[in-house]
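If you want the building blocks of each chain, they are given just below.
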Amino acid sequence: MEYTWPDFVTECNQCENCELARSRKNVVIYRGSIEAPVMFVGEGPGASEDEQGQPFVGQAGRLLSLLLDAYGFTPKDYHICNIVKCRPPENRVPTKEEARACMPLLAKQIRFAKPKIIVLLGSTAYKYFLTPQEPISKARGIWIEKSKFLIMPTFHPAFILRNNNQRILLWRDIGLVRSKMEELDLISPLHNEPEMPSGRG
Ligand code: URA
């Protein structure tokens, strides 16, 4: 029998493959569209995400949405998710074992989302998704072609909330993603040059 998206959601909701299952309120799977040309991958749910069952809905998520909106992205353009689907206690970084336990679910998720472009938000996504040779500060903003995906590492919006002088770099990287999507006919071109928003979302 065919394995469908609802089957996948059930599998995620029933997952007990690591310790994080014990303390979670919700399994946080995605927001945006199930199938989308670009996938954004963060680290893991925080308190707001655990509460609401959706990724990037807290402070960092508001900043991400602010930047995506300013570039004219709409939810049909993206699929937002994380390396791990359950909140690490105290918002710590997921361990290697937790990331490894969650990876088969992320691999299935990618098969449903069918993105052409994958944006890795921050060093955790970068580290667990690729085998990095360089720190994210060096790798960000540069395309990597791997297994038919175009992958772009960039800063995590939570890092930008703490280091606002680097905001322009995240803004530019999302701009590169948008340009690539236009080039590949995955999104319609903007009529006006977007301006970087200065708020926190
Ligand atoms: N930070 C992340 O990496 N993911 C979220 O969903 C929220 C904050």
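Details of the structure are given in the entry above.
Within any chain, residue numbers begin from 1 and follow the written order of that chain's sequence. A pLDDT threshold of at least 70 governs which residues receive local features in this predicted model, and a stricter bar of 80 or more applies before side-chain atom pairs are shown or counted, although totals over entire chains, interfaces and linings include all residues. With hydrogens and water set aside, each side-chain value is computed from the structure's full complement of heavy atoms.

## Considerations on empty space enclosed by the protein
Going by this rule: In the cavity and pocket records, a cavity denotes points on a 1 Å grid over the protein atoms alone where a 1.4 Å probe fits but cannot get out, a pocket denotes an open set with protein on both sides within 12 Å along at least 5 of 7 lines, and lining residues are residues with an atom within 4 Å of a point. Grid points are joined across faces, edges and corners, and a volume is the space filled by probe spheres set on the points. Strands here are runs of E lasting at least two residues and helices are runs of H or I lasting at least four, both read from the DSSP assignment and numbered beginning at the N terminus. Amino acid classes used here: Ala, Val, Leu, Ile, Met, Phe, Trp, Tyr, Cys and Pro are nonpolar; Asp, Glu, Lys and Arg are charged; the rest, including Gly, are polar.
According to the stated counting rule, one finds 1 cavity of 30 Å³ or more in the structure shown. Estimated volume of the largest cavity: approximately 100 Å³. As for the largest cavity, its lining consists of 15 residues, and the residues nearest its centre are C15, C18, R24, C86 and C102. Ranked by residues supplied to the lining of the largest cavity, first place goes to helix α5 (residues 96-113) with 4 residues. Among the residues making up the lining of the largest cavity, the classes are represented as 11 nonpolar, 1 polar and 3 charged.

## Examining unusual backbone geometry
To keep it simple, the criterion reads: Exposed residues in this analysis have more than 50% of their type's maximum accessible area, buried residues have under 20%, and partly exposed residues fall in between, with area computed by a 1.4 Å probe over protein chains only.
Phi at E90 is positive, roughly 60°, even though this residue is not glycine. Among the structural elements, E90 can be located in the loop between β3 (78-82) and α5. Given a relative accessible area of 73%, E90 falls into the exposed group. Positive phi outside glycine occurs at N91, with the angle close to 55°. Considering the arrangement of structural elements, one finds N91 in the loop between β3 and α5.

## Overview of the site of the ligand
Rule in force here: Neighbouring residues are identified by heavy atoms, a residue being near a molecule or strand if any of them is within 4 Å of it. Polar contact is defined as a pair of N or O atoms within 3.5 Å, subject to the rule that within protein one atom must be able to donate a hydrogen and the other to accept it, and that residues adjacent in sequence are counted only when both atoms are side-chain atoms. Areas reported as accessible are Shrake-Rupley estimates using a 1.4 Å probe. Residue values count occlusion only from the protein chains shown. If over half the atoms of a molecule are within 2 Å of the grid points of a cavity or pocket, the molecule is regarded as sitting in it.
The ligand sits among G42, E43, G44, E49, P55, F56, N82 and H156. Within the backbone of E43, a nitrogen or oxygen atom sits 2.7 Å from an oxygen atom of the ligand. Here the ligand, which alone exposes 230 Å², has 90% of that area covered by the protein. Taken atom by atom, the bulk of the ligand overlaps the largest pocket. In the shell around the ligand, the residues fall into 2 nonpolar, 4 polar and 2 charged.

## So, helix α4 (residues 59-70)
Our working definition: In a helix, the anticipated span is given by 1.5 Å times the number of residues less one. Pairs of residues are marked as contacts when any of their non-hydrogen atoms sit within 4.5 Å.
Here α4 spans 17 Å end to end across 12 residues, near enough to the 16 Å set by a 1.5 Å rise per residue. Elements that come into contact with the buried residues of α4 comprise β1 (31-32), β2 (38-42), β3, β4 (117-121), α8 (157-162) and α9 (167-183). Phi for G72, located one or two positions after α4, is positive at around 75°.

## Observations concerning the side chain of D173
Considering the arrangement of structural elements, one finds D173 in helix α9. Within the local environment of D173, its side chain forms a polar contact with the side chain of T154, the two groups lying 2.6 Å apart. Apart from residues no more than four positions distant in its own chain, D173 is found in contact with R140, G141, M152, P153 and T154.

## Focus on the nonpolar core
Under the convention used in this document: Joining through side-chain atoms within 4.5 Å is the link that ties buried Ala, Val, Leu, Ile, Met, Phe, Trp, Tyr and Cys residues into a set, and such a set is a nonpolar core.
V38, V41, F73, I83, I118, L120 and F129 are the most contacted members of the largest nonpolar core, which has 58 residues in total. Ranked by residues supplied to this core, first place goes to α5 with 7 residues.

## Regarding the layout of surface pockets
Unfilled space is identified by rolling a water-sized probe across the atoms. Each pocket or cavity is described by its volume, and for the largest pocket that value is around 510 Å³. Taken together, 26 residues make up the lining of the largest pocket; nearest its centre are E43, G44, A60, H156 and A158. If you list the elements that add at least two residues to the lining of the largest pocket, you get α3 (47-52), α4, α6 (122-129) and α8. Counted as a void, the second largest pocket has a volume near 270 Å³.

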